[in-house]
Amino acid sequence: MGRFVLKDTFYKKAKQEGFRARSAYKLKEIETKFHIVRKGGAVLDLGCSPGSFLQVLSEMVGEKGTVVGIDILPTPPLPAKNITAIQGDIRETDISAILSGLPFTSFDVITCDIAPNLSGIREVDDARIEELFGSVVKTVEGGLKPGGHFIIKSFFTTVQKNITDELKRRFEKVSTYKPAASRSVSSEVYFVCMGKK
Ligand SMILES: C[S@@+](CC[C@H](N)C(=O)[O-])C[C@H]1O[C@@H](n2cnc3c(N)ncnc32)[C@H](O)[C@@H]1O
């Protein structure tokens, strides 16, 4: 029963406040706790469609900031001038090509809310998650400034430990956080990674 009440609350709130998905509140909660995004900053959002992270990030960085999103699906246009959404598969994305069209050389923050397409067959899914994670890490390596911060959604799988270890090698501090806006039955957590080495 509880989870239906929770779903209803965040779903209704998102509708009322004009956010495209309840995920908006997950990012807001993470920001309230960790203070990741600064005004005027540049943020890259991986797996951005339908665009609620983009909406929240756009407000956080303000008019002088930049938000770039990538998703394999199209992202319906958003009115804010500081948002650019690109359609593309992260596994085939060359971050240096994206950066070459921007007035800065790296992002201050990268967020990743990608939900991999899973089959239910553990071996297949673990391989998919590892491939996807490898592409995300490559993007972070080439696109995030030293000292920059990274937020990534993760699901508990058998490859979870490899992912945690990899993040700990690359960042000064890695915390896990389960927002109240995540469904309570979901195993979804976010890794909040501060200070790229
Ligand atoms: C939970 S949704 C993201 C919601 C988004 N953060 C928001 O607030 O609106 C996950 C997204 O990951 C995207 N995705 C899955 N695999 C991808 C890939 N290989 N490259 C880019 N995006 C991918 C899906 O198309 C989907 O839109």
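If you're wondering where the values come from, they're calculated on a predicted model, not measured in any experiment. Chains are numbered independently. Their residues run from 1 in the order of the written sequence. pLDDT decides what is reported in this predicted model: residues at 70 or higher carry local features, side-chain atom pairs at 80 or more are listed and counted, and totals for whole chains, interfaces and linings draw on all residues regardless. The basis for every side-chain value is the complete set of heavy atoms in the structure, and neither hydrogens nor water enter the calculation.

## A look at the overall build of the protein chain
Step number 1: Helix numbering and strand numbering both begin at the N terminus, where a helix is a DSSP run of H or I of at least 4 residues and a strand a DSSP run of E of at least 2. The helix and strand tally for the protein chain stands at six helices and seven strands.
Step number 2: Here the protein chain has a C-alpha radius of gyration of 16 Å; the compact-globule value for 197 residues is 16 Å, and the two agree.
Step number 3: Referenced to the eigenvectors of the C-alpha coordinate spread, the extents of the protein chain come out at roughly 50 × 40 × 30 Å.
Step number 4: Partly exposed residues are those whose accessible area sits between 20% and 50% of the maximum for their type, while under 20% is buried and over 50% is exposed, using a 1.4 Å probe and protein chains only. Out of the 197 residues in the protein chain, the part that is buried amounts to 51%.
Step number 5: Should any heavy atoms of two residues lie within 4.5 Å, those residues are counted as being in contact. Across the protein chain, the fraction of contacts at a sequence separation of at least 24, relative to all contacts at a separation of at least 6, is 65%.
Step number 6: Surface accessibility in these figures is a Shrake-Rupley result with a 1.4 Å probe; residues are shielded only by whichever protein chains are displayed. Roughly 10200 Å² of accessible area belongs to the protein chain as shown, and the carbon and sulfur atoms make up 55% of that amount. With C-alpha atoms as the basis for the radius of gyration, the globule rule is written as 2.2 Å multiplied by the number of residues raised to the power 0.38.

## Quick look at the site of the ligand
Step number 1: Think of it this way: one heavy atom of a residue within 4 Å of a molecule or strand is enough to make that residue near it. Within the structure, the ligand sits among 20 residues, and Gly51, Ser52, Asp71, Asp89 and Asp113 are positioned closest to it.
Step number 2: Contacts described as polar in this section are N or O atom pairs within 3.5 Å, which, within protein, must combine one atom able to donate a hydrogen with one able to accept it, while residues neighboring in sequence count only if both atoms come from side chains. Between an oxygen atom of the ligand and a main-chain N or O atom of Pro50, the distance comes to 3.4 Å.
Step number 3: Here an oxygen atom of the ligand and a backbone polar atom of Gly51 are 2.9 Å apart.
Step number 4: Protein burial of the ligand: of its 610 Å² of free accessible surface, 87% is covered by the chains.
Step number 5: A class-by-class count of the residues in the shell around the ligand yields nine nonpolar, six polar and five charged. Three residue categories are used. Nonpolar comprises Ala, Val, Leu, Ile, Met, Phe, Trp, Tyr, Cys and Pro, charged comprises Asp, Glu, Lys and Arg, and polar comprises the others, including Gly.

## A look at the sheet that holds strand S6 (residues 171-177)
Step number 1: If you trace the seven strands from one edge of the open sheet to the other, you get S3-S2-S1-S4-S5-S7-S6, paired in mixed fashion. Each having just a single partner strand, strand S3 (83-87) and S6 make up the two edges of the open sheet. Along the sheet, successive strands turn relative to each other by an average axial angle of 15 degrees, direction set aside.
Step number 2: Orientation is described by axes fitted as lines to C-alpha atoms, over the contacting stretch for helices, and by angles from 0 to 180 degrees between their N-to-C directions. Against the sheet, helix H3 (residues 52-61) contacts strand S1 (42-46), strand S2 (66-71), S3, strand S4 (107-112) and strand S7 (189-196), and its axis sits at roughly 165 degrees relative to S2. Here a strand pair is declared whenever DSSP counts at least two bridges between the two strands.

## Here's the deal with the nonpolar core
Step number 1: Note on terminology: a nonpolar core comprises buried Ala, Val, Leu, Ile, Met, Phe, Trp, Tyr and Cys residues joined through side-chain atoms within 4.5 Å. Counting 30 residues, the largest nonpolar core has Leu46, Phe107, Phe150 and Leu167 as its most contacted members.
Step number 2: With six residues, helix H5 (residues 122-143) is the largest single contributor of residues to this core.
Step number 3: For Leu46, the contacting residues outside a window of four places in its chain are Ile70, Ile90, Ile110, Thr111, Cys112, Asp113, Ile114, Val136 and Thr139.

## Quick word on the packing of aromatic side chains
Step number 1: Two aromatic rings, drawn from Phe, Tyr or Trp (for Trp, its six-membered ring), form a pair once their centres lie within 6.5 Å of each other, and the interplanar angle then sorts them: stacked below 30 degrees, edge-to-face above 60, tilted otherwise. For the structure on display, the rule yields five aromatic pairs.
Step number 2: Plain terms: the ring middles of Phe10 and Tyr25 are 5.8 Å apart, the flat faces sit at 45 degrees to each other, and that makes the pair tilted. With Phe10 in helix H1 (residues 2-17) and Tyr25 in helix H2 (residues 23-34), the pair connects residues that are 15 residues apart, well separated along the chain.
Step number 3: Ring centres 5.7 Å apart and planes at 85 degrees place the aromatic pair Phe19 and Tyr25 in the edge-to-face group.
Step number 4: A relative accessible area of 11% places Phe19 in the buried class.
Step number 5: Looking at Lys33, its charged tip hangs above the ring of Phe34, at a distance of 5.5 Å from the centre. Any Lys NZ or Arg CZ found within 6 Å of a ring centre and within 35 degrees of that ring's normal is scored as a charge over the ring.

## Digging into the pattern of salt bridges
Step number 1: By definition, a salt bridge exists where a carboxyl oxygen of Asp or Glu is found within 4 Å of a side-chain nitrogen of Lys or Arg. Inspection of the entire model under this criterion finds 13 salt bridges.
Step number 2: Between Glu17 and Lys13 there is a salt bridge whose closest N-O contact spans 3.4 Å. A residue pair is termed a helical-turn pair when its members lie 3 or 4 positions apart in one helix, as Glu17 and Lys13 do in helix H1 at four residues.
Step number 3: Across the pair Glu166 and Arg170 runs a salt bridge whose closest N-O atoms are separated by 2.6 Å. Here Arg170 and Glu166 lie together in helix H6 (residues 160-170), a separation of four residues that amounts to about one turn.
Step number 4: Look at Glu166 and you get buried, because its relative accessible area is 18%.
Step number 5: A single network of salt bridges, built from pairs that share partners, joins Lys26, Asp113, Lys153 and Glu188.

## Some words on H5
Step number 1: End to end, H5 covers 31 Å across 22 residues, agreeing with the expected 32 Å (1.5 Å per residue, within 8%).
Step number 2: All of the buried residues in H5 are Asp125, Asp126, Ile129, Leu132, Phe133, Ser135, Val136, Val137, Thr139, Val140 and Gly143. Here a helix's expected span is defined as the number of its residues, less one, multiplied by 1.5 Å.

## Concerning the environment of Lys153
Step number 1: Turning to its location among the elements, Lys153 is positioned in strand S5 (residues 144-154).
Step number 2: With relative accessibility at 11%, the residue Lys153 sits in the buried group.
Step number 3: Residues Lys153 and Tyr190, 37 residues apart in the sequence, show an inter-C-alpha distance of 4.3 Å.
Step number 4: Excluding residues within four positions of it along the chain, Lys153 makes contact with Cys112, Asp113, Ile114, Ala115, Glu188, Val189 and Tyr190.
Step number 5: Polar side-chain contacts of Lys153 include one of 3.2 Å to the side chain of Asp113.

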